[in-house]
Amino acid sequence: MGTFTGTIRKIFFLGVSAVLGAALGFLLSASFTVVEVGSSDMLPTLEPGEKAIVLRDCFVDQYETGDLVACRAPYHTVYDGGNYLIRRVTGSRDGWIRLDCDAKTARTQERMAEKTEILGKVIASFHRVRSAS
């Protein structure tokens, strides 16, 4: 009888562990996303090809001047980085967030964005690790 109870207990804890693991995986995937830097607009802060880990907007109370954010790319932007750009918050007014790039170019790329255009706040970045061959 003791062996049967032990087996049931192991199966129960295995099932609970699987459910908790799945819930944690879902929570993490819903909280964070990875965006690739697709252009040189954020040099010297971020380089093209670098990956940015973004905390999704629903977990961010507010954006402050100096924060890096992932925002929806304007319709006229064409590049290989996907549908989101990384930009720096330079201010806000009347519910709009002012964004600009870090690279100093001949013309400004500053624009105003609604909060709904912001995917989230960049919390870390990394380069893809290449194996030595």
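Use the structure listed above.
Remember, it's a predicted structure, so these values are computed and weren't measured experimentally.

(A) Expanded view of the overall build of the protein chain. Scanning the protein chain from N- to C-terminus turns up one helix and seven strands. Listed by position from the N terminus, the elements making up the protein chain come as α-β-β-β-β-β-β-β. Among the 133 residues that make up the protein chain, the fraction classed as buried is 29%. Contacts in the protein chain between residues at least 24 apart in sequence constitute 52% of all its contacts with a sequence separation of at least 6. As displayed, the protein chain has an accessible area near 9200 Å², and 58% of this comes from carbon and sulfur atoms.

(B) Representation of the environment of Met42 in the model. Mapped onto the fold, Met42 is located in the loop between β1 (32-36) and β2 (51-56). With relative accessibility at 2%, the residue Met42 sits in the buried group. Met42 sits 59 residues away from Cys101 along the chain, and the two C-alpha atoms are 5.4 Å apart.

(C) Structural view of the packing of aromatic side chains. One pass over the structure, following the stated rule, counts one aromatic pair. Judged by centre distance (5.4 Å) and plane angle (70°), the rings of Phe12 and Phe13 are edge-to-face.

(D) Region of the structure containing the sheet that holds strand β6 (residues 111-114). Overall, antiparallel pairing links the seven strands, which are arranged β1-β2-β7-β3-β4-β5-β6 in an open sheet. Whereas interior strands pair on both sides, the edge strands pair on one side only; in this sheet they are β1 and β6. Strand-to-strand twist across the sheet, computed as the mean angle between neighbouring axes with direction ignored, equals 50°. Where β2 lies against strand β7 (residues 118-126), six bridges are found, and the strand directions are antiparallel. Looking across to β7, one finds that Arg56 is bridged to Gly120.

(E) Looking closely at the environment of Gly120. Mapping Gly120 onto the fold places it in strand β7. Taking the C-alpha atoms as reference, Gly120 lies 8.8 Å from Leu68; in sequence the two are 52 residues apart. Residue contacts for Gly120: discarding those within four places in its chain leaves Val54, Leu55, Arg56, Asp57, Tyr63, Leu68, Val69 and Ala70.

(F) The pattern of salt bridges, seen in detail. Scanning the model with the defined rule gives seven salt bridges in all. The partner of Lys115 in a salt bridge is Asp57, with the nearest N and O atoms 2.8 Å apart. Linking Lys115 in the loop between β6 and β7 with Asp57 in the loop between β2 and β3 (68-72), this pair joins segments that are 58 residues apart in sequence.

Cut-off values and rules
- Residues numbered from 1 in each chain as written.
- Predicted model: local features only at pLDDT ≥ 70, side-chain atom pairs only at ≥ 80, totals over all residues.
- Heavy atoms only, no water.
- Helix = DSSP H or I, 4+ residues; strand = E, 2+ residues; numbered from the N terminus.
- Buried < 20%, exposed > 50% of the residue type's maximum accessible area, 1.4 Å probe, protein only.
- Contact = heavy atoms within 4.5 Å.
- Areas by Shrake-Rupley, 256 points an atom, 1.4 Å probe, with all protein chains shown as cover.
- Phe/Tyr/Trp six-rings, centres within 6.5 Å; stacked < 30°, edge-to-face > 60°.
- Pairing = 2+ DSSP bridges.
- Axes fitted to C-alpha atoms, helices over the stretch in contact; angles between N-to-C directions.
- Salt bridge = Lys/Arg side-chain N within 4 Å of Asp/Glu carboxyl O.

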